[in-house]
Amino acid sequence: MNALARPFSVAAEARLSSADLPKPETLIRIEDLTKVYDPKEGPVLDGISLAIGKGDIHGIIGRSGAGKSTLVRCLNGLVAPTSGRVLVSGREISSLSGAPLRAARRDISMIFQHFSLLSSRTAAGNVALPLEVAGVEKNEIRRRIPELLELVGLSAKVDAYPSELSGGQKQRIGIARALALNPQVLLSDEATSALDPETTEQILALLKDINRRLGLTIVLITHEMDVVRQIASHVTVLEHGKLVESGPTFDVLAFPKSQVARSFLSSIVAHDLPRQVSERLRPSPAPGSSPVLRIVFAGQAAHEPVLAALVEQFRIRPNILHGRIDYIDDKPLGVLTLVAAGGTPTLPGVLAYLSSLGLHGEIVGHVL
Ligand SMILES: Nc1ncnc2c1ncn2[C@@H]1O[C@H](COP(=O)(O)OP(=O)(O)OP(=O)(O)O)[C@@H](O)[C@H]1O
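- Named according to an unreviewed UniProt entry, the protein is Cell division ATP-binding protein FtsE originating from Rhizobium subbaraonis.
- As its UniProt record puts it under Function (unreviewed entry), the protein is described as follows: "Part of the ABC transporter FtsEX involved in cellular division. Important for assembly or stability of the septal ring."
- The UniProt entry for the protein carries the following text under Sequence similarities (unreviewed entry): "Belongs to the ABC transporter superfamily."

Following this line, the structure appears as structure tokens:
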């Protein structure tokens, strides 16, 4: 297939945005959640309301100190909110304590950045731990361990101690342990932050696979938008304890409103200009210059013959510089950058035309 035609045709799949699909059953409901640790510091979480669907992989992203860990710890009752409610499967976690809270927590397990494995126990011993604490019979534990280790691809390491395992293998054990009691929700607190990019990709693929096979709902906190792009079906952006943006990952990343989400789009399109062009790029038009136009193809308008319209309607001679497709939640997001020769006088009309199609058009600069 012609590489330049690809953004148009594949983007058609994006028309089936998750926004168009029937809404899944809500598993986690967060209602007007506020947390104040120190009244002198103000709220760390400020009026957060959010619904997370059953079977979703929901990314919570924000800069350091935005309140991500606090929010996730409110979901399993490790942190008690100052006001507001958290309901998981209709059960109000934020009102529980003691034995009922411990019982509810069996349904909501967690994996951590530094794995939190017991160094004195083998892989099998670590996976057995939650089963032992829950009072599961020895025979049943013996049956479950190989099953769980197989699920995470580590059957061969049953007798290995954590010191004999790589970071990725330790996290696999952490995941097997977290799944031991068949939870409905898995919370992931920066679970790939200590891993190299290749191992991160493998662990994210494993989480996605487990999500699909078991229908497990995953809530993951991260400061890396690329983790969200690779795995999350939905994303919530936190800034200074406030929810600033939330929705299907594709929609948030393709049409970002917050600075955090916008910076992702800039990062995937920032390096797409050939050096000969970027060096000649000027912020303002000059006599004889042509604008450099970047078009982001996403959503409804993928079937429109945009390039033909630029030529016929706006008398532009497009010179394609770069085309690229990224996949977000398995949906394509296409970016096309071109010199719009002869297009300076009609630029406002071009941008209005793209906008009327729901496409994002942007003037990157001007070249002579
Ligand atoms: N137990 C606590 N007592 C007092 N303040 C706390 C406590 N836990 C977190 N905070 C404060 O709450 C704010 C938000 O912290 P939190 O860990 O929730 O943010 P975060 O987005 O997860 O940050 P990071 O990415 O750095 O882990 C920070 O200012 C932090 O110092």
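The structure having been displayed, the exposition proceeds.
Some remarks on the pattern of salt bridges
Now for step 1: Taken as a whole and assessed by the stated rule, the structure comprises eleven salt bridges.
Now for step 2: A salt bridge links Glu140 to Arg143, with the shortest nitrogen-to-oxygen separation between them at 2.9 Å. With a gap of three residues between them, Glu140 and Arg143 both fall in helix α5 (residues 138-151), about one helical turn apart.
Now for step 3: Judged by relative accessible area, Arg143 falls into the partly exposed class, the value being 44%.

Quick notes on the packing of helix α6 (residues 167-179) against helix α7 (residues 197-214)
Now for step 1: For the pair α6 and α7, interaxial distance at closest approach is 10 Å and the crossing angle is 20 degrees. As the angle between them shows, α6 and α7 are arranged roughly parallel. When you trace α6 past α7, the crossing you get is right-handed. Contact with α6, carried on its side by Gly168, Gln171, Arg172, Ile175 and Leu179, involves Thr199, Gln202, Ile203, Leu206, Leu207, Ile210 and Leu214 of α7 and no other residues of that element.
Now for step 2: When grouped by side-chain class, the residues that make up the contact of α6 with α7 number seven nonpolar, four polar and one charged.

Looking at the sheet that holds strand β8 (residues 217-222)
Now for step 1: Taken together, six strands build an open sheet; the order of strands is β6-β7-β8-β3-β9-β10 and the sheet is mixed. Among the strands making up the open sheet, the edge pair consists of β6 (108-112) and β10 (242-248). Sheet twist, expressed as the average angle between the axes of neighbouring strands with direction ignored, equals 15 degrees.
Now for step 2: Inspection of the sheet shows strand β7 (residues 185-189) paired to β8 by five bridges, in the parallel sense. Paired with Leu186 across the bridge in β8 is Ile218.
Now for step 3: In the packing of helix α2 (residues 68-75) onto the sheet, the strands contacted are β3 (57-61), β6, β7, β8 and β9 (234-239), and the crossing angle to β8 comes to about 155 degrees.

Conventions used here
- Residues numbered from 1 in each chain as written.
- Predicted model: local features only at pLDDT ≥ 70, side-chain atom pairs only at ≥ 80, totals over all residues.
- Heavy atoms only, no water.
- UniProt positions renumbered as here; feature names shortened; annotations may be inferred.
- Salt bridge = Lys/Arg side-chain N within 4 Å of Asp/Glu carboxyl O.
- Helix = DSSP H or I, 4+ residues; strand = E, 2+ residues; numbered from the N terminus.
- Buried < 20%, exposed > 50% of the residue type's maximum accessible area, 1.4 Å probe, protein only.
- Axes fitted to C-alpha atoms, helices over the stretch in contact; angles between N-to-C directions.
- Parallel < 35°, antiparallel > 145°, perpendicular 65-115°, else oblique.
- Left-handed = near helix turned anticlockwise from the far one by under 90°.
- Contact = heavy atoms within 4.5 Å.
- Nonpolar A, V, L, I, M, F, W, Y, C, P; charged D, E, K, R; others polar.
- Pairing = 2+ DSSP bridges.

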